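Summary of the model geometry
Here are the chains, one letter per residue:
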Amino acid sequence: MINKIPNSEITDSKAFKDRRRIIKAILAATGSSIVPAFAASDNARWQNLPKSNLSTGIMTTPSEIVENYTNYYEFSFNKKEATKLAQSLPIDPWSLQISGEVEKPGTFILEDILRQQTLEERIYRFRCVEAWSMVIPWVGFSLGDLLKKVNPLSTAKFIKFTSIYQPEIMANQNTNTVLEWPYTEGLRIDEAMHPLTLLAVGMYGETLPKQNGAPLRLIVPWKYGFKNIKAIVKIELLKKPPTTSWNTFARNEYGFYANVNPLVKHPRWSQNSERLLGSEFFTPRRKTELFNGYGEQVAALYKDMDLRHFF
Ligand code: MTE
């Protein structure tokens, strides 16, 4: 069963940008049901997308908050500044390399990938390890569906994701020694194939803003936000667990699994509760849920692991 979001957490959806409201109203009035082909450059807008029954609820955090409160460390450790600087990232054309333990490796143009995928809207909770959360309507497709197209071999046990490396634009890739660049993340193969695991190309019915990971990012809603790697250029299927940026930086703070878990505190703060951005007026803090509320769907993946200890 999908958790419904209580009224106290509902954020006024009229907070959408005016521009978006007007465009949507025009499209609705013309009765158009065409889903435009994706083009990274032309700011795709989607209407009448299939609404996934994997969605958490229907009410979302105002898009202004999601678009301005961003973590994009290649650009800056300051959320506002990262948002501004990310606008300089060229994202068209974009290709994705898929390699490793697969029968059909290759480098694919994003538009070609999208022509073969059914895009849908998925409303997911998003929980950052910093103890804030949002509810976001992503537009995307299942990572598992993409992986099936390249025929993973039985030796593929893990997946490594790599973000774009562009030090001439992403200043911290030259100067910042905290994280290893390019930004990398990883999943176990069964986590990657899970129906909830999404590759997002949009949110709020429009192309992903650059600061939120355009043109392609990972969304794994039961894990802490840092697993949701942005601007993906490479996916490798591997026999062994990959090294990943945050885990390499501080193993005891940023675990490979990083499942949202109120039972395991971050070494420097509690994970018992979180600030749901945009709803602080109604609910100053909400209780953090195990697996971010997706336990019914994903707990079986971890049945052999002790939830009190692993992170
Ligand atoms: N991906 C890349 N390439 N670079 C980053 O700095 N930050 C991570 C994750 N993905 C990050 C990234 C962190 S720490 C979080 S919380 C989320 O993206 C934030 O996503 P948002 O900015 O869209 O809210």
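Here the structure is a predicted model, which means the values were calculated and not measured. (Residues numbered from 1 in each chain as written. Predicted model: local features only at pLDDT ≥ 70, side-chain atom pairs only at ≥ 80, totals over all residues. Heavy atoms only, no water.)

Quick notes on the pairing of strand S11 (residues 273-276)
The condition that has to hold: To sort residues, take the accessible area from a 1.4 Å probe on protein chains only and compare it with the maximum for the residue type: under 20% means buried, over 50% means exposed, and anything in between is partly exposed. Only runs of H or I of at least four residues qualify as helices and only runs of E of at least two qualify as strands under DSSP, and these elements are numbered from the N terminus. Strands are treated as partners if at least two bridges between them are detected by DSSP.
Burial along S11 is one-sided: the residues Glu274 and Leu276 are buried and none of Ser273 and Arg275 is. The pairing of strand S4 (residues 132-142) with S11 spans two bridges and is classified as parallel. Bridging across to S11, Trp132 finds its partner in Arg275. Taken together, the two bridges between S11 and strand S12 (residues 286-287) define a ladder with antiparallel strand orientation. Each residue of the ladder has a partner; that of Ser273, found in S12, is Lys287.

Notes on the confidence of the model for the protein chain
Our working definition: In predicted models, pLDDT denotes the confidence assigned by the predictor to each residue on a 0 to 100 scale. A contact between two residues is defined here by any heavy atoms of the two lying within 4.5 Å.
When pLDDT is averaged along the protein chain, the result is 86; 85% of the residues meet or exceed 70. Considering only residues more than four positions removed or in separate chains, one finds that residues 1-41, a stretch of pLDDT under 50, has 81 contacts.

What to know about a nonpolar patch on the surface
Convention followed: Patch rule: a residue counts if its relative accessible area is over 30% and it has no salt bridge; like charges are joined within 9 Å, and nonpolar side chains (Val, Leu, Ile, Met, Phe, Trp, Tyr) within 5 Å. Working definition of accessibility: Shrake-Rupley area with a 1.4 Å probe, residue cover restricted to the visible protein chains. For this analysis, a salt bridge means a side-chain nitrogen from Lys or Arg found within 4 Å of a carboxyl oxygen belonging to Asp or Glu.
A contiguous nonpolar patch, built from Phe77, Val178 and Phe249 and spanning about 250 Å² of accessible area, is present on the exposed surface. Counting through the fold element by element, Val178 comes out in the loop between helix H6 (172-175) and strand S6 (184-188). Judged by its relative accessible area of 33%, Val178 is partly exposed.

What to know about the environment of Leu199
Mapped onto the elements, Leu199 comes out in strand S7 (residues 198-203). By relative accessible area, which is 0% here, Leu199 ends up buried. Taking the C-alpha atoms as reference points, Leu199 and Trp138, separated by 61 residues in sequence, lie 9.1 Å from one another. Beyond its immediate chain neighbours, meaning those up to four positions away, Leu199 contacts Val139, Gly140, Phe141, Leu143, Leu146, Leu216, Arg217, Leu218 and Ile232.

Some thoughts on unusual backbone geometry
As a rule of thumb, non-glycine residues mostly have phi less than zero, and peptide bonds are mostly trans rather than cis. Along the chain, Asp92 connects to Pro93 via a cis peptide bond; the corresponding omega equals 5°. Mapping Pro93 onto the fold places it in the loop between helix H3 (79-85) and strand S1 (95-100). Of note, the amide linkage connecting Trp181 to Pro182 takes the cis form, showing an omega dihedral of -5°. Positive phi outside glycine occurs at Asn151, with the angle close to 50°.

Side note on the layout of surface pockets
Any space left empty among the atoms is revealed by the rolling of a water-sized probe across them. Selection rule: As defined here, a cavity is a set of points on a 1 Å grid over the protein atoms alone where a 1.4 Å probe fits but cannot get out. A pocket is an open set with protein on both sides within 12 Å along at least five of seven lines, and residues line them when an atom is within 4 Å of a point. Grid points are joined across faces, edges and corners, and a volume is the space filled by probe spheres set on the points. Residue classes follow a fixed rule: Ala, Val, Leu, Ile, Met, Phe, Trp, Tyr, Cys and Pro count as nonpolar, while Asp, Glu, Lys and Arg count as charged, and any other residue, Gly among them, counts as polar.
Looking at the largest pocket, its volume works out to about 420 Å³. With four residues, S4 is the single largest residue contributor to the lining of the largest pocket. Residues belonging to the lining of the largest pocket are distributed by class as follows: 17 nonpolar, six polar and five charged.

Some remarks on the pattern of salt bridges
A full pass over the atoms with the stated rule returns 14 salt bridges. A salt bridge links Lys223 to Glu191; the nearest nitrogen and oxygen atoms lie 2.8 Å apart. Of this pair, Lys223 sits in the loop between strand S9 (217-219) and strand S10 (232-238) while Glu191 sits in helix H7 (residues 189-193), and the two are 32 residues apart along the sequence. The class of Lys223 is buried, set by a relative accessible area of 2%. For the salt bridge of Arg268 with Glu253, the shortest nitrogen-to-oxygen distance reads 2.5 Å. One end of the pair, Arg268, is in the loop between helix H8 (245-249) and S11; the other, Glu253, is in the loop between H8 and S11, and 15 residues separate them in sequence. Counted as one network, the salt bridges with shared partners bring together Arg125, Arg127, Glu274, Arg286 and Glu289.

Overview of the sheet that holds S10
Test applied: Here, axes are lines fitted to C-alpha atoms. For helices the fit covers the stretch in contact, and angles between N-to-C directions go from 0 to 180 degrees.
Strand order across the open sheet formed by five strands is S2-S1-S10-S5-S6, with mixed pairing between neighbours. Since the sheet does not close on itself, it has two edges, and those belong to strand S2 (106-109) and S6, each with one partner. Along the sheet, successive strands turn relative to each other by an average axial angle of 20°, direction set aside. Here four bridges tie S1 to S2, and the two strands are oriented antiparallel to one another. Across the sheet, the residue bridging to Ile98 is Gly106, located in S2.

Observations regarding the site of the ligand
Applicable threshold: In this text, near means that some heavy atom of the residue lies within 4 Å of the molecule or strand in question. Identification of polar contacts relies on pairs of N or O atoms within 3.5 Å, with a donor-acceptor requirement for protein atoms, meaning one able to donate a hydrogen and the other able to accept it, and with residues adjacent in sequence counted only if both atoms are side-chain atoms. Molecule-in-pocket calls rest on the fraction of atoms, with more than half required to lie within 2 Å of the cavity or pocket grid points.
For the ligand, the set of nearby residues contains 17 residues, the closest of which are Tyr73, Glu74, Ser163, Arg217 and Lys230. The separation between an oxygen atom of the ligand and a polar main-chain atom of Tyr73 is 2.7 Å. Relative to its unbound accessible area of 520 Å², the ligand is 99% covered by the protein chains. Most atoms of the ligand, that is more than half of them, are within 2 Å of grid points of the largest pocket. Taken together, the residues that form the shell around the ligand break down as eight nonpolar, six polar and three charged.

Thoughts on the pairing of strand S5 (residues 158-163)
In summary, the side chains of a regular strand alternate between the two faces of the sheet. S5 sits mainly inside the fold: six of its six residues count as buried. Along S5, one buried face is formed by Phe158, Lys160 and Thr162 and the opposite face, lined by Ile159, Phe161 and Ser163, is buried too. Sheet topology places S5 next to S6; five bridges connect them, and they run antiparallel. Bridge assignment links Phe161 to a residue of S6, and that residue is Glu185.

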